[in-house]
Amino acid sequence: MKDSLRQQLHRLAMRLDELDANLADPQVTADMARYRGLAREQAEAAEVVGLFRRFEQRERDLAAAREMLDDPDMAEMAREEQAGAEQELTQLHAALQTALLPRDPDDHRAAFVEIRAGTGGEESALFAADLARMYLRYAERQGWRTEVMSDSPSDLGGHKELVLRIEGDGVYGRMKFESGGHRVQRVPATESQGRIHTSACTVAVMPEPDAAEEITLDPSELRIDTYRSSGAGGQHINKTDSAVRITHLPTGVVAECQDDRSQHRNKAKAMAVLQARLRDRERSAREAQEAATRKALVGSGDRSDRIRTYNFPQGRLTDHRINLTLYKLGQIMEGDLDDVITALQAHRAQQQLAALESGQPA
């Protein structure tokens, strides 16, 4: 095992000790959100550290077996112990490498798959329909649920733009590799002279964000003003400071309520309005970020901007990111994407492992 990997495992073991201590702290157990987060981290760390401790034990066993090889009475047993330890160490080393690979927290989420026609006119729109069908068939094979969120059809039955929502176990983790430019080479249905054309589509796959959660507001970041309600309401309203205005100081978002005679109820209503406005602000910011991400994912839609080529005359699919070529285009277009996606996942794991061993971020 490389020193850099061993050092990371030692640091993780130290972190596990910290987590064990934190989870025993009454202040932590009183904060359920923090407790759950630490408990998840502790469970993941414990699994890896358990493997590492077993690895270290088998290293000691191997060293002891080698020392016994010179003893004639113990040599045979020592050789058996040595062989068993070496085999298990190899398995544990591989398991530890895999366990330490960075995990994308979005991999378990549902995904939006956006397919847009690019260069190639009507043929590109028809190819977009073929890609959509391929993904729908793949989702069906996986037992995932699908939904068409929006569709802009073309004149000949293709799609200028189509957005699918796919929900199931590990959707984003498998579909995220589809983002980019997809190029097709074939004789279009609109071609009367049998010439092969090249056209392109773009695909963007993004994880579905978590549903808006209740925002935790720091009381020190709120300014609460009370004032007398205005407008109709009789003598009572004019004599009491029942209206409430709440200002969220970091953002400047303001909510106020004067509908009720009770200052307490007006405050509760204003707080609810403030929560809603802050959630809307976060959602808008997230959508702006997703738009920027989408632009980075899909590129320009030009023929030269591609991650994959579908060559129908040769029945060939080529993924240019990993130089993978498969001569089973017919099956792939029917949703048999496992060979492609598994190869892309393995390539990504290799990149992460190389970064892990070099001490560089993946």
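Scroll up to find the structure this text is about.
Residues numbered from 1 in each chain as written. Predicted model: local features only at pLDDT ≥ 70, side-chain atom pairs only at ≥ 80, totals over all residues. Heavy atoms only, no water.

Among the structural elements, E178 can be located in the loop between α6 (171-175) and β4 (180-186). What makes E178 buried here is its relative accessible area of 0%. (Helix = DSSP H or I, 4+ residues; strand = E, 2+ residues; numbered from the N terminus. Buried < 20%, exposed > 50% of the residue type's maximum accessible area, 1.4 Å probe, protein only.)

It is worth spelling out the sheet that holds strand β8 (residues 253-257) at this point. Strand order in the open sheet formed by three strands is β6-β7-β8, and the pairing between neighbours is antiparallel. Across the chains shown, the open sheet's two edge strands, defined by having one partner strand only, are β6 (222-227) and β8. Sheet twist, expressed as the mean angle between neighbouring strand axes with direction ignored, is 15 degrees. Pairing of β6 with strand β7 (residues 243-248), which is carried by six bridges, proceeds in the antiparallel orientation. By the bridge assignment, L222 is partnered in β7 with H248. (Pairing = 2+ DSSP bridges. Axes fitted to C-alpha atoms, helices over the stretch in contact; angles between N-to-C directions.)

Below, the discussion takes up the environment of H264. Tracing the chain through its elements places H264 in helix α8 (residues 263-298). For the pair formed by H264 and A243, sequence separation is 21 residues and the distance between their alpha carbons is 9.4 Å.

Packed helix pairs are characterised by how far apart their axes lie and by the angle those axes make with each other. Taken N-terminus to C-terminus, the directions of helix α3 (residues 32-68) and helix α4 (residues 75-100) make an angle of 155 degrees; their axes are 8 Å apart at the nearest point. It follows from the interaxial angle that α3 and α4 lie roughly antiparallel. The two elements α3 and α4 meet at a crossing, and its hand is left-handed. In the contact of α3 with α4, the residues fall into 16 nonpolar, three polar and eight charged. (Parallel < 35°, antiparallel > 145°, perpendicular 65-115°, else oblique. Left-handed = near helix turned anticlockwise from the far one by under 90°. Nonpolar A, V, L, I, M, F, W, Y, C, P; charged D, E, K, R; others polar.)

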